[in-house]
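These are the residues of each chain, in order.
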Amino acid sequence: RETRRNVSAVDWSCPLVRAQFVWLVAANAGSRVVKLDVADTDRLREVLTSGEPWLVMCKNGNKGVERSLVVVEDAAHALYPGIRVGVLDCGATLPSGQTMFERLRVTETRGLTLFTVANGRKPSLVPAKAAAEASALTAHVQKVTTPSLLALRTTKDLRSCLQSRQCLVLLE
């Protein structure tokens, strides 16, 4: 019994143990967080250009992964069901020769880097204030990924709409 008790005891105060646990939870099929791979160009193209709402957490190796994944995983469970959540190694080289950090014009030392992409728009960075805790992250992501309706009052408004990837004009 003594040996079994020692084997099953987990030191939850260790950041590495918590990070491994979160990664295991994220790898579980029931998790809302999926691992994105830069080598899977079709999947990455789908994330960046499909118009579907995504929240993507950039990781660079294992820097800051433990705390960040906890916040992202908590937020993932509170987000609307249609919003997908992924983790991407943004420091890895894309087939284009750039890294995702370079594409987003972000320095790798920024700390936690999250971005959203939705509704045919370009990826936009999540402000550090919104990424600090799960509730703020959830509110921010739901706000920026929700499609909006605009009244077109001028021809400039119409041109802007028609030049975007997703535009629907209803005439009365």
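Please refer to the structure higher up on the page.
All of these numbers come straight from a predicted model, not from anything done at the bench.

Conventions adopted
- Residues numbered from 1 in each chain as written.
- Predicted model: local features only at pLDDT ≥ 70, side-chain atom pairs only at ≥ 80, totals over all residues.
- Heavy atoms only, no water.
- Helix = DSSP H or I, 4+ residues; strand = E, 2+ residues; numbered from the N terminus.
- Buried < 20%, exposed > 50% of the residue type's maximum accessible area, 1.4 Å probe, protein only.
- Contact = heavy atoms within 4.5 Å.
- Pairing = 2+ DSSP bridges.
- Salt bridge = Lys/Arg side-chain N within 4 Å of Asp/Glu carboxyl O.

**With respect to the overall build of the protein**
Helices and strands together make up the secondary structure of the protein, namely eight helices and five strands. In the protein, the order of α-helices and β-strands from amino to carboxyl end is α-α-β-α-β-α-β-α-β-β-α-α-α. Counting the 172 residues in the protein, one finds 36% classified as buried. Sequence-distant contacts, at least 24 apart, represent 64% of the contacts inside the protein between residues at least 6 apart.

**Examining the sheet that holds strand 1 (residues 33–36)**
On the basis of which strands lie adjacent, the open sheet formed by five strands has the order 1-3-2-4-5 and mixed pairing. In this open sheet, the two edge strands, each paired with only one partner strand, are strand 1 and strand 5 (124–125). With two bridges joining them, strand 4 (residues 113–117) and strand 5 adopt antiparallel strand pairing. Along strand 5, the bridge assignment pairs T116 with S124.

**Describing the pattern of salt bridges**
The full count for this structure, using the stated rule, is three salt bridges. Its salt-bridge partner being R84, residue E46 comes within 3.2 Å of it at the nearest N-O pair. In this pair, E46 sits in helix 3 (residues 41–49) while R84 sits in strand 3 (residues 84–89), placing the two residues 38 residues apart along the sequence. We classify E46 as partly exposed; its relative accessible area is 30%. Overlapping salt bridges, with partners in common, bring together R43, E46 and R84 in one network.

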